[in-house]
Amino acid sequence: MNEIALRLSQHLRTEAAEIGELAAVLDQIAVAGKLIARELGRASLIGQLGLTGDVNVQGEAVKKLDVWANDVMVRVLDASGVVCTMVSEEMDEPLHLAERCPAGQYVVCFDPVDGSSNLDVNGIVGTIFSVRRRRGRGIDHAAADAVQPGSAQVAAGYVMYGPSTMLVYTAGKGVHAFTLDPTIGEFVRSRQHIQTPGRGHIYSVNEAHAPVWAPGIREYIDYLRARDPASGRPYTARYVGSMVADVHRTLLEGGIFLYPGEVGADGKTSGKLRLQYEAAPMAFLIEQAGGKASTGRERIQDIHPASAHQRVPILIGSRDDVTMAEEFAAGRR
Ligand code: AHG
Ligand code: MN
Ligand code: MN
C-alpha cells in the first residue's frame, strides 16, 4: 500500500517551485534521520551507548550518540551545498563554512539527539532542526546569522525515533508528517495539515521541579489536577522527558507541554530548553498547527536571542491551554 503513497522526495519536488533550495536542506535532513535511526536501532549491540566523558557548552555530560549524530548532521548539511552556518547543541560555537559564505543561503540550528537521557533505556529521542535564511553576505555576517529570532524561520521540524521513525516539518504552509517505511528506505506521507485541538486534556511537565517554579505556574498545575468534571478536570499527566516525544503527542492530541522558568537562589528565573534549536522550531510547528508557544510573558517567536545557546522558559500546545497558563503565570487568575 505504502509504495503508491507520496514519498518525501516527491513531495519536496512538487514544493520546490515555492521553497527553492530549502527542499535540498530538508531532503538532507531526511538522510540524516535515516542514518541516525539505523544507528539507534543497533546502538546497544555496537557499543554506541553511554558517555564520551566530555561535557558540552551547556555543562551537560555528552553521550557517544550525541557526538555521532552531530557529526552526521554536519556532514549531510555540508553536502547539501546550500548551508553556510550551523548552530548545534553539541558545538560551542556556530560552524561557519567560510567557502560557502558568499553563496550559501541557509542557517540551520539543530539538536542532534533530543531527550538523550532516554538513550540508555531504549526510550524515544529525536532530532530537532530550524532553518533560516542568511541575513548578510560573507563571513563577517555569519555570527549575526546565528542569532536571528524564531519569526525568521523558513522551515522547522523534527525526526522522532519511536516505534516508527517520523519526520514532521513545516515550511510555513502547514505541518506535514512522513513515516519511514524501512522496507523501502523512504519517508512516506502519513499526515498532512495537522491541526492541534484548541484545547486538550493532558499536561506534560517535570513536576519534580515544582518547588522552584514561580507561584503562578504551581497554581496552574494545581488547577489542572483539581477535580471538576464540568470543566474537563482533572487533566491527565504524561511526561516522556524527551521534548520531541512530548511535543509530538501535544501536537496531535492537544493539551500543554511546559518547561517553566525556575527561580534560582539568586532570585533570577531561567529556563532549561534552548531557544534556537528546541523552543523556536517547536513554536513554529505548533503555531502552524493552530496552537501557541510562549514563555509565559511573550511569544517564543518574537524573542531576539542574545546568544546562540540562550535558554528560555516554554509553555506550548493547544491555544486555550497555553492562554490559560499565561493568565496564571501573570497572576490574572
Ligand atoms: P537534550 O537531551 O537535548 O539535552 O534535551 C533534553 C531536554 C528535552 O528533551 C526534555 O524536554 C527536557 O530536557 C527534559 O529535562 P528534565 O530531565 O529536566 O525533565
Ligand atoms: Mn534537547
Ligand atoms: Mn540534545
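Our structure's up above, just so we're on the same page.
Residues numbered from 1 in each chain as written. Chains lettered and ligands numbered in written order. Predicted model: local features only at pLDDT ≥ 70, side-chain atom pairs only at ≥ 80, totals over all residues. Heavy atoms only, no water.

1. Concerning the nonpolar core
In summary, soluble globular proteins display a tendency toward joint burial of nonpolar side chains. Ranked by internal contacts, the top residues of the largest apolar core, which has 41 residues, are Val25, Leu77 and Phe110. Top element by residues in this core is helix α2 (residues 22–42). It accounts for nine residues. The residues contacting Leu77, other than those within four sequence positions of it, are Val25, Ile29, Val83, Met86, Val108 and Phe110. Of all hydrophobic cores here, the second largest spans 30 residues; its members include Val175, Val244, Phe257 and Ala280. (Core = buried A, V, L, I, M, F, W, Y, C linked by side-chain atoms within 4.5 Å. Buried < 20%, exposed > 50% of the residue type's maximum accessible area, 1.4 Å probe, protein only. Helix = DSSP H or I, 4+ residues; strand = E, 2+ residues; numbered from the N terminus. Contact = heavy atoms within 4.5 Å.)

2. Details of the site of ligand 1
Near ligand 1, the surroundings consist of 19 residues, among which Asp114, Asn206, Tyr239, Met243 and Tyr259 are the closest. Here an oxygen atom of ligand 1 sits 2.6 Å away from a polar atom, N or O, in the side chain of Asp114. Asn206 is positioned such that a nitrogen or oxygen atom in its side chain is 2.7 Å from an oxygen atom of ligand 1. Relative to its free-state accessible area of 470 Å², ligand 1 is covered by the protein chains to the extent of 86%. Counting only elements with at least two residues in the shell around ligand 1, the list comes to β5 (106–114), β13 (256–259) and β16 (273–274). Broken down by class, the residue content of the shell around ligand 1 amounts to six nonpolar, six polar and seven charged. There are two domains that each give the shell around ligand 1 at least three residues, and those are domain 1 (3–191) and domain 2 (202–329). (Near = heavy atom within 4 Å. Polar contact = N/O pair within 3.5 Å; in protein donor to acceptor, adjacent residues only side chain to side chain. Areas by Shrake-Rupley, 256 points an atom, 1.4 Å probe, with all protein chains shown as cover. Nonpolar A, V, L, I, M, F, W, Y, C, P; charged D, E, K, R; others polar. Domains from an automatic or database assignment.)

3. Describing the coordination of the manganese ion (ligand 3)
At the metal site, the manganese ion (ligand 3) is ligated by Glu89 (OE), Asp111 (OD) and Val113 (O), and these contacts range over 2.2 Å. Read in sequence order, the donor residues coordinating the manganese ion (ligand 3) give the pattern E-x21-D-x1-V. A distance of 3.8 Å spans the gap from the manganese ion (ligand 3) to the manganese ion (ligand 2), which Asp111 bridges by coordinating each metal. As far as burial versus exposure is concerned, Asp111 and Val113 are alike and both buried. (Donors = N, O, S within 2.8 Å, 3.2 Å for Na, K, Ca; no water.)

4. Some thoughts on the packing of aromatic side chains
Aromatic ring pairs: the centre-centre distance and the angle between the two ring planes describe each pair. This model, assessed by the stated rule, comprises four aromatic pairs. Between Tyr220 and Phe328, the ring centres sit 5.5 Å apart and the planes meet at 50°, which makes this aromatic pair tilted. Of this pair, Tyr220 sits in helix α5 (residues 215–225) while Phe328 sits in helix α8 (residues 319–329), placing them 108 residues apart in sequence. Residue Phe328 is classed as buried on the basis of its relative accessible area, which comes to 7%. Considering the side-chain rings of Tyr223 and Phe328, the 5.3 Å spacing of their centres and the 45° angle between planes classify their relative orientation as tilted. Highlighted residues: Tyr223 in helix α5 and Phe328 in helix α8, separated in sequence by 105 residues. Cation over ring: Arg333 sits above Tyr223, and NZ or CZ is 5.8 Å from the ring centre. (Phe/Tyr/Trp six-rings, centres within 6.5 Å; stacked < 30°, edge-to-face > 60°. Lys NZ or Arg CZ within 6 Å of the ring centre and 35° of its normal.)

5. As for the pairing of strand β6 (residues 125–133)
Burial analysis of β6 places eight of its nine residues in the buried class, the great majority of the element. Relative to β6, β5 runs antiparallel, the two sharing seven bridges. Considered in β6, the bridge of Asp114 is made with Gly126. As paired strands, β6 and strand β7 (residues 153–161) are joined by eight bridges and run antiparallel to one another. Note that in β7 the partner of Gly126 across the bridge is Met160. (Pairing = 2+ DSSP bridges.)

Such coordinate-based values are descriptive only and should not be taken to indicate function.
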